[in-house]
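So you can see what is in the structure, the chains are spelled out below.
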Amino acid sequence: MSPKRPSLYALASGIAAGAVSSAVTAAYSATLGRTRFMVKQETLPLLPAGSDPIRILHLSDFHMTPEDKELQHFLSLLGDIHPDLVIDTGDNLAHPKAVPYVVQSLGTLLDVPGFFVFGSNDYFAPDFKNPLSYLRGESTLHERPSLPWQGMRAAFQERGWKDATHQRHAINIRGVNIMVAGVDDPHIDRDRYDTIAGEPLPGTDVAIGLTHAPEPRVLLRFSEDGYDLALAGHTHGGQVCLPNGQSIVTNCGIDRKRAHGLHRFAHLWLNVSAGLGTSPYAPFRLFCPPEVTLLELTTHP
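Residues numbered from 1 in each chain as written. Predicted model: local features only at pLDDT ≥ 70, side-chain atom pairs only at ≥ 80, totals over all residues. Heavy atoms only, no water.

The number of helices and strands found in the protein is 7 helices and 12 strands. A burial count over the protein gives 51% of its 301 residues as buried. If you take every contact in the protein between residues at least 6 apart in sequence, the share linking residues at least 24 apart comes to 75%. Total accessible area computed for the protein in this model is approximately 14,000 Å², and 56% of it derives from carbon and sulfur atoms. (Helix = DSSP H or I, 4+ residues; strand = E, 2+ residues; numbered from the N terminus. Buried < 20%, exposed > 50% of the residue type's maximum accessible area, 1.4 Å probe, protein only. Contact = heavy atoms within 4.5 Å. Areas by Shrake-Rupley, 256 points an atom, 1.4 Å probe, with all protein chains shown as cover.)

Here's what the structure looks like:
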């Protein structure tokens, strides 16, 4: 006896159910999936014995436009965390008129000691890309209009934040000597690591390296020079992930398992922020909520 063929009604019902499921997933990723902001907390035992904890707020990838009111509101609340140090790893802009919205939203965080490096989307306006193109490898930079990154840099510096791009800075927080150094965005080949190469400054207790994109060639240099921690963004955590949070693509040389979160890389710790925003041309997140990271540095157990 031959098996019964599914009825047209059953086939239509299955297609309709699949379509509804896809529509619900798309709606979620473009709404709640994109605006369910969170503060992710991590602890790292990097401080000398007897030190008080130091809290570092790691920000990245706002991709700000004037219309991003929910993002602006979330950023404005972060001053209530009262971190000891703020690190911004770039891609703050996605619109030529976004600088005032970034500065105003950061608010009192700009009164906290801070360091920053920029990413390609601080320098150049976003453009449309087929999201499926990321499956073929890293995105490439086409000719795009410039964004007013100089004005944002000046505003950050006027409030006291320091540009770590190809510079080495020292800061003392509660008796702990911290060195921060960074490179320009390696995703567009602007990194010039040799300008900061070498061991941390004498007397450094904790050395932190900054890069927008977590490219292994840069991370290995930080590790070889004896840095303790590297901070990066760029990947958006994969932006669209599997239900277990595993990224599908990273848009750079870092492996998918370390596309976001805190991991070991060679001899240092690496925190890759999933970031807060998305490109205006790909405004969705799935199984990868937007985040900032609050890193609490403590003494060794």
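Judged by pairing direction, the sheet is mixed, and its 6 strands sit side by side in the order S6-S7-S8-S9-S11-S10 without closing on themselves. Two strands bound the open sheet, and with one partner strand each, they are strand S6 (168–173) and strand S10 (261–265). In this sheet, neighbouring strand axes are inclined to one another by 25° on average, regardless of whether the strands run parallel or antiparallel. Relative to strand S11 (residues 268–272), strand S9 (residues 229–232) runs parallel, the two being bridged by 4 bridges. Note on S11: the bridge partner recorded for Ala-230 is Leu-270. (Pairing = 2+ DSSP bridges. Axes fitted to C-alpha atoms, helices over the stretch in contact; angles between N-to-C directions.)

Another point: the environment of Asp-205. Mapped onto the elements of the fold, Asp-205 is located in the loop between strand S7 (176–182) and strand S8 (206–210). Looking at Asp-205, the relative accessible area reads 29%, which means it is partly exposed. With 30 residues separating them in the primary sequence, Asp-205 and Gly-175 have C-alpha atoms 9.7 Å apart. Those residues in contact with Asp-205 that lie beyond four places of it in its chain are Leu-46, Pro-48, Gly-175, Val-176, Asn-177 and Asp-228.

Our next topic: the packing of helix H4 (residues 99–106) against helix H6 (residues 149–159). Direction vectors running N to C along H4 and H6 enclose 20°, while the axes themselves pass 9 Å from each other. When the axis of H4 is compared with that of H6, the two are roughly parallel. You can see that H4 and H6 cross each other, and the crossing is right-handed. On H6, the residues that touch Val-99, Val-102, Val-103 and Leu-106 of H4 are Gly-151, Met-152, Ala-155 and Phe-156. Considered class by class, the residues forming the contact of H4 with H6 number 7 nonpolar, 1 polar and no charged. (Parallel < 35°, antiparallel > 145°, perpendicular 65-115°, else oblique. Left-handed = near helix turned anticlockwise from the far one by under 90°. Nonpolar A, V, L, I, M, F, W, Y, C, P; charged D, E, K, R; others polar.)

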